[in-house]
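Architecture at a glance
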Amino acid sequence: MTEFVKSELESSVLTVTMARPDKKNAITNAMYAALADALERAETDAAVRAVVFQGDGDSFTAGNDMADFAAQSKDPTVTSHVGRFLQNLAVSTRPLVAAVQGNAVGIGTTMLLHCDLIYVAPTARLITPFVNIALVPEAASTHLLPARVGYARAYEMFAFGEPVNAETAVAMGLANAVVPLDQLRSKAHEAAVKLAKRPAGSLSQTKALMRNPQAISAQMEREGAILRERLKGAEAREALTAFAERRQPDFSKIAG
């Protein structure tokens, strides 16, 4: 576990909080391990009947911690836990609820596609900047996002990586409701408690009928294979170098 991910069980609801507000809850490998552990606990602990994801501070999460990500890409001995977290999202049978304020970048948005109820504060901004850093989307979002919002909107979100605000997210079907910031966490928790009181078997089977975990996992593997190849390429090297040098990347002279 890590100090930057906190888990608390109350009223059969496991609340999982990304608690690194000074870094906008940017997710390190250790945090991915803790998030994956929390989902595994939810699946194996009968006392857990629903899960809430939330983030401390003014952001849900800034996505991957890029410095940590870059260091991992250079060290083949490091065991990455992001895949375990994503696979646990894919096969989760428990109801997953999210409370989102501020920026939800990269995985911060794609993980929401695996949540069953999503509440957003007026400050929420969903951002999918994968192409901007010369990578490809993950978390089976290349399958789930077009299914949710249609191909044209999904492609626009991926290709441009521009923020989607709270009201637009609800209108597009990416979130259930906009909730005042001071009521966001209580709303998400109340919804999770209500779900926890529903018949768990019926809920899990309903979720299984609405989702295809095998297809979702297969798409994750396909995305992951392409992402790993892209990390070896010139575009990704330029993106990571530009990040380290605090400048805008220049892809104009790199063949696609």
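I will try to describe carefully the structure that is included in this document. (Residues numbered from 1 in each chain as written. Predicted model: local features only at pLDDT ≥ 70, side-chain atom pairs only at ≥ 80, totals over all residues. Heavy atoms only, no water.)

Digging into the packing of helix 1 (residues 29–44) against helix 3 (residues 82–91)
Contact geometry for helix 1 and helix 3: axes closest at 8 Å, N-to-C directions at 30°. With respect to each other, helix 1 and helix 3 are oriented roughly parallel. Considering the relative orientation of helix 1 and helix 3, their crossing is left-handed. Of helix 3, the residues touching helix 1 (which contributes N29, Y32, A33, L35, A36, D37, L39, E40 and E43) are V82, R84, F85, N88, L89 and V91. Across the contact of helix 1 with helix 3, the residue classes break down as nine nonpolar, two polar and four charged. (Axes fitted to C-alpha atoms, helices over the stretch in contact; angles between N-to-C directions. Helix = DSSP H or I, 4+ residues; strand = E, 2+ residues; numbered from the N terminus. Parallel < 35°, antiparallel > 145°, perpendicular 65-115°, else oblique. Left-handed = near helix turned anticlockwise from the far one by under 90°. Contact = heavy atoms within 4.5 Å. Nonpolar A, V, L, I, M, F, W, Y, C, P; charged D, E, K, R; others polar.)

Things to note about the packing of aromatic side chains
A complete count under the given rule lists three aromatic pairs for this structure. Where Y32 meets F85, the ring centres are 5.9 Å apart and the plane angle is 45°; that geometry is what we call tilted. Of this pair, Y32 sits in helix 1 while F85 sits in helix 3, placing them 53 residues apart in sequence. When sorted by exposure, Y32 lands in the same class as F85, which is buried. Taken together, a centroid distance of 6.0 Å and an interplanar angle of 15° make the contact between Y151 and Y155 stacked. (Phe/Tyr/Trp six-rings, centres within 6.5 Å; stacked < 30°, edge-to-face > 60°. Buried < 20%, exposed > 50% of the residue type's maximum accessible area, 1.4 Å probe, protein only.)

Some thoughts on the pattern of salt bridges
Under the definition given, this model contains 11 salt bridges. Close ionic contact of E238 with R247 constitutes a salt bridge, the shortest N to O distance being 2.7 Å. Several salt bridges converge on common partners, so that one network encompasses D37, E40 and R84. (Salt bridge = Lys/Arg side-chain N within 4 Å of Asp/Glu carboxyl O.)

Let's talk about the sheet that holds strand 5 (residues 103–105)
Pairing within the open sheet is mixed, and its three strands lie in the order 5-7-8. The open sheet terminates on both sides in strands that have one partner only, identified here as strand 5 and strand 8 (164–165). Pairing geometry for strand 7 (residues 125–127) and strand 8, over two bridges, is antiparallel. Looking at the pairing, R125 lines up with N165 of strand 8. (Pairing = 2+ DSSP bridges.)

Observations regarding the side chain of D65
Residue placement: D65 occurs in the loop between strand 3 (50–55) and helix 2 (66–73). For D65, a relative accessible area of 13% translates into the label buried. Once residues lying within four places of it in the same chain are set aside, the contact partners of D65 are R20, A26, I27 and T28.

Brief notes about the environment of D116
Note on placement: D116 falls in the loop between helix 4 (107–110) and strand 6 (117–120). In this structure the C-alpha to C-alpha distance between D116 and E229, which are 113 residues apart in sequence, comes to 32 Å. If we skip the residues at most four places from it in the chain, D116 touches R94, P95, L96, N176 and K207.

Structural notes on the sheet that holds strand 4 (residues 96–100)
Read across the open sheet, the six strands follow the order 1-2-3-4-6-9; overall the sheet is mixed. In this open sheet, the two strands that pair with only one neighbour each are strand 1 (5–10) and strand 9 (177–178). When strand 1 meets strand 2 (residues 13–18), the two strands line up antiparallel, connected through six bridges. Within the sheet, the bridge partner assigned to S7 lies in strand 2 and is V16.

Read these as geometric descriptors, not functional statements.
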